[in-house]
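Descriptive analysis of the structure
If you want the building blocks of each chain, they are given just below.
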Amino acid sequence: NQAIAVIGLSISRNLLYLVQNCATSAEYYQALRRHFERTAGATVYHLLAKFFDLTMTETSSMEQHLKTFSELTDQLHAIGQDLSEQVRVAVLLRSLPDRYAIVRTSLQMKGDALTMAETMEALKTEEMNIKMGARRNGGASASADQHVRLRHARYDERTRVGQKNERKRTRH
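Residues numbered from 1 in each chain as written. Predicted model: local features only at pLDDT ≥ 70, side-chain atom pairs only at ≥ 80, totals over all residues. Heavy atoms only, no water.

1. Side note on the overall build of the chain
A count of helical and extended segments in the chain gives 7 helices and 0 strands. Along its sequence from the N terminus, the chain presents helices and strands in the succession α-α-α-α-α-α-α. Relative to all contacts within the chain whose residues are 6 or more apart in sequence, the contacts with residues 24 or more apart total 57%. Carbon and sulfur atoms make up 53% of the accessible area of the chain, which totals about 12,300 Å². (Helix = DSSP H or I, 4+ residues; strand = E, 2+ residues; numbered from the N terminus. Contact = heavy atoms within 4.5 Å. Areas by Shrake-Rupley, 256 points an atom, 1.4 Å probe, with all protein chains shown as cover.)

2. Considering the pattern of salt bridges
One pass over the full model with this rule turns up 3 salt bridges. Residues R99 and E58 are paired through a salt bridge, measuring 2.9 Å at the closest nitrogen-oxygen approach. Pair noted here: R99 is in the loop between α4 (85–94) and α5 (101–109) and E58 is in the loop between α2 (25–52) and α3 (62–78), with a separation of 41 residues, a long-range link. Judged by its relative accessible area of 11%, R99 falls in the buried class. Overall, E58 belongs to the exposed group, its relative accessible area being 52%. The partner of K67 in a salt bridge is E71, and the shortest N-O contact between them spans 3.5 Å. Here K67 and its partner E71 are both found in helix α3, 4 residues apart, which amounts to about one turn of the helix. Classification of E71 as partly exposed rests on a relative accessible area of 38%. (Salt bridge = Lys/Arg side-chain N within 4 Å of Asp/Glu carboxyl O. Buried < 20%, exposed > 50% of the residue type's maximum accessible area, 1.4 Å probe, protein only.)

3. Looking at the side chain of R104
On the secondary structure map, R104 appears in helix α5. Lacking a salt bridge, the buried R104 has D98 as its closest oppositely charged neighbour, with an N-O distance of 4.2 Å. A distance of 2.9 Å separates a polar side-chain atom of R104 from the backbone oxygen of L96. (Lys, Arg positive; Asp, Glu negative; His and termini not counted. Polar contact = N/O pair within 3.5 Å; in protein donor to acceptor, adjacent residues only side chain to side chain.)

4. Quick look at α5
Turning to α5, its buried residues are V103, R104 and L107. Buried positions in α5, seen along its axis, are confined to an arc of 105° and lie on one side of it. (Arc of directions from axis to C-beta.)

5. A word on the confidence of the model for the chain
Per-residue confidence for the chain gives a mean pLDDT of 81; residues scoring 70 or more make up 74%. Element-level mean pLDDT values for the chain span from 57 in helix α7 (residues 144–171) up to 94 in α4. Confidence drops under a pLDDT of 50 for residues 140–144, and excluding neighbours within four residues, the segment shows 14 contacts in the predicted structure. (pLDDT = per-residue confidence, 0-100.)

Have a look at this one:
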């Protein structure tokens, strides 16, 4: 009876409905355990869904995105959901917007297994490069798509020049 009294006084009023029909301390314990195990399962699901759905917005900084990412991994760790470094790296790279396409592809093609530290450092460096490119371009955002188009334009120009020179040589 003393254990029942202690349990009854220890739980919140809004949870008393869980134990109202319990007669023994073991029944109290089981009723509370069932409830909180379900809640813990929902928390695990919610955090995992939030982790795997994480995406960096076009307006957020890499520092803020990495902070959010680290907070989620810490929360998952706290509830016993430890994800391998390989999974964390893959999820982080997948969460990036298109302006990080070049560095994402470069990191994915790296032969060795990536560490979180290497990945985070590369992403911070890329953000600085993007910002520096934007400053050089008069404040315009230097997206990965723009970089790819610029490379294609340069390649096309070299090809045209090469074809002109080839035609000149064959005429003479």
